[in-house]
Amino acid sequence: MTQASDTSVPSLPKALPFEEAAKLRDRLAASGKTQALFETGYGPSGLPHIGTFGEVARTSWVRNAFTELTGLPSRLLAFSDDMDGLRKVPDNVPNRDLLARHLGKPLTQVPDPFGTHESFGAHNNARLRAFLDGFGFEYEFASSTEYYKAGRFDAALVRVLEEYEKIVAVILPTLGPERRATYSPVLPIHPRTGRVMQIKPDAWDAAAATVTWTDPESGEQFETSVKGGACKLQWKADWAMRWHALGVDYEMSGKDLIDSVRLSGRVCRILGSAPPQDFTYELFLDDQGQKISKSKGNGLSVDEWLRYAPPEALGQFMYNAPHRAKRLYFDVIPRAVDDYLANAAKERAQPDAEKRTNPAWHIAGGRPVDAASPVSFAMLLNLASVVNAETPDILWGFIRRYSPDASPAAMPFLDRLVHHAIAYYRDFVRPAKQYRLPTDTERAALADLAETLRGLDLGSDGEAIQNVVYEVGKRHAFPELRAWFGCLYQVLLGQQEGPRFGGFVALYGIGETIALIEAALARPADAA
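Presented here is an overview of the structure given in this document. (Residues numbered from 1 in each chain as written. Predicted model: local features only at pLDDT ≥ 70, side-chain atom pairs only at ≥ 80, totals over all residues. Heavy atoms only, no water.)

Attention now moves to helix α7 (residues 164–171). Along α7, the positions that sit buried rather than exposed are Tyr 164, Ile 167, Val 168, Val 170 and Ile 171. Along the axis of α7, the buried residues cluster in a sector spanning 160 degrees; they form a single face. Seen from the open side of α7, the exposed residues pointing more than 90 degrees away from its buried face are Glu 165, Lys 166 and Ala 169. Buried residues along α7 sit in contact with α6 (154–162), β4 (186–188), β5 (203–205), α9 (235–246) and α10 (258–271). (Buried < 20%, exposed > 50% of the residue type's maximum accessible area, 1.4 Å probe, protein only. Helix = DSSP H or I, 4+ residues; strand = E, 2+ residues; numbered from the N terminus. Arc of directions from axis to C-beta. Contact = heavy atoms within 4.5 Å.)

Our focus in this paragraph is the pattern of salt bridges. Enumeration over the complete set of coordinates arrives at 32 salt bridges. Measuring nitrogen to oxygen at the nearest pair gives 3.3 Å for the salt bridge that ties Asp 249 to Arg 27. Here the residue Asp 249 occupies a position in the loop between α9 and β9 (250–254), and Arg 27 occupies one in helix α1 (residues 16–31), the gap between them amounting to 222 residues. Residue class for Arg 27 comes out partly exposed when judged on its relative accessible area of 21%. One salt bridge in this structure joins Arg 327 and Asp 331, with 3.3 Å as the shortest N-O distance. Accessibility expressed as a relative area gives 34% for Arg 327, which makes it partly exposed. The class of Asp 331 is partly exposed, set by a relative accessible area of 46%. Overlapping salt bridges bring together Glu 39, Asp 81, Asp 238 and Arg 242 as one network. (Salt bridge = Lys/Arg side-chain N within 4 Å of Asp/Glu carboxyl O.)

The strands that make up a sheet pair up through hydrogen bonds in the backbone, lying either parallel or antiparallel. What the three strands build is an open sheet, ordered β5-β6-β7; its pairing is antiparallel. Of all strands in the sheet, those with a lone pairing partner are β5 and β7 (221–225), marking the two edges. On average, adjacent strands in this sheet sit at an angle of 20 degrees to one another, irrespective of strand direction. As defined by bridge partners, strand β6 (residues 210–214) adjoins β7 across five bridges and the pair is classed as antiparallel. Paired with Thr 214 across the two strands is Gln 221, which belongs to β7. (Pairing = 2+ DSSP bridges. Axes fitted to C-alpha atoms, helices over the stretch in contact; angles between N-to-C directions.)

This part covers the pairing of strand β1 (residues 36–42). Burial analysis of β1 places six of its seven residues in the buried class, the great majority of the element. Summarising the sheet, β1 and strand β2 (residues 74–80) pair through seven bridges and their orientation is parallel. Looking at β2, one finds that Phe 38 is bridged to Leu 76. The pairing of β1 with β9 spans two bridges and is parallel. Pairing of Glu 39 across the sheet is with Glu 251, part of β9.

Attention now goes to unusual backbone geometry. With a phi close to 45 degrees, Ala 321 is a non-glycine residue in the positive phi region. With respect to the secondary-structure elements, Ala 321 resides in the loop between α12 (311–319) and β12 (326–327). The exposure class assigned to Ala 321 is partly exposed, which follows from its relative accessible area of 30%. Despite not being glycine, Asn 388 has its phi angle at roughly 55 degrees, a positive value. Among the structural elements, Asn 388 can be located in the loop between α16 (377–387) and α17 (392–402). We classify Asn 388 as partly exposed; its relative accessible area is 45%.

Two elements in contact, α16 and helix α18 (residues 412–432), have axes whose closest approach is 9 Å; the angle formed by their N-to-C orientations is 55 degrees. On the basis of their axis angle, the class for α16 and α18 is oblique. The hand of the α16/α18 crossing is right-handed. On α18, the residues that touch Phe 377, Leu 380, Leu 381, Ala 384 and Ser 385 of α16 are Leu 414, Leu 417, Val 418, His 420, Ala 421, Tyr 424, Tyr 425 and Val 429. (Parallel < 35°, antiparallel > 145°, perpendicular 65-115°, else oblique. Left-handed = near helix turned anticlockwise from the far one by under 90°.)

None of this, on its own, says anything about what the molecule does.
If you want it as structure tokens, here you go:
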């Protein structure tokens, strides 16, 4: 009896990037394409923000999974809609009066309020590229202005004229009565003012590739070619035209664009192409629960995150639960760092097949993860808080005693965390510190803990010390052990929450912790 050959297909790693990559694999198999085009879109009317990074990062993870799954080549196009007209002046830029004089012009024709680039669009494009380059993303940057002016969309724009009435019929029902009266998917650029004209054309001619329109202010009539950047499309039609012209296979977008994705998909089909595979992610919220906006500049900025935490931790934050709306503010940083550290440690011990289910593997783009740290970021923050650390050397003194093999040269990732921890402590922890006096029950328990710690070997590890802390708490009349640990954090550290206390004592030192307890017990009432 012959044994049947094993024709089973390796199971798909249980990770969202691979699930998305499998859908894209099937799409290409059905179309016959042998290369995938990923796209991310950016509207440079405001400064780049972390949401922009999130879209590029998540798309890159799907792209990497697609490569792992299929071995097929792919490209990632970071497309800037920099030919859009400036609709309003952002709140978070200088020289706002300068911008106000150029409303309606393409962003690449608006002066740079920062005075560093040839246009506002170029300034924000440079900021976007610098940020993406800083994270090591592999991508091709594309400027809408350059693509229009170079004629790369000319054939697709003629197709829009050929299907003009069908496209209008799809879009008009989604507009209000006032907007409906003036809507056109094709917007000519005024040959004199340079503004993007939001007008309905008098006529269009696909054979001549022109639109005829009247200036509502002067009454003068113009005939404008749709080629060479003399016209642009309204953004929903523009999105669809781009998918059609470039053959985009995959693009993500936020929940607020669900209806726009559907509408642009219908227009793309009218033009003769299948819309790309899409993925909808939830929006990021600021500390007040409001959607993060480029123009408002609310929420965390790129530079702020990188001041307080490494980029890998931002990747971890983006990887977690993309279908759920999340607050993106300073207080999410410590948890994101420690989640990344935990996954990085786990990844180093996993066999290759299991690594592909680990967020750290995706964040590193499938490359080896190098993020060793014997202590958590929360622990570093608490250490910085207790010793009032102003320089890295102070923290490294404790770290070396706790982990003799650790050094900035041997653990560069930990060294980065040390610098981040000092900045975070200085700006957020120290201003919020508020000690309280212990109750009588807590005072007795703290004195007991100090005495018990004196009996421990100075080299005791965090787990042994944690067991001692538990036992002391059980000996006193706390309603629950959580109240005991709350006492430790609030009385000794001046904060509501804290690290695993045994590990903190092991890092800070048993003798130093005893002194900390004694100082808290001796603190006068007016010092709390």
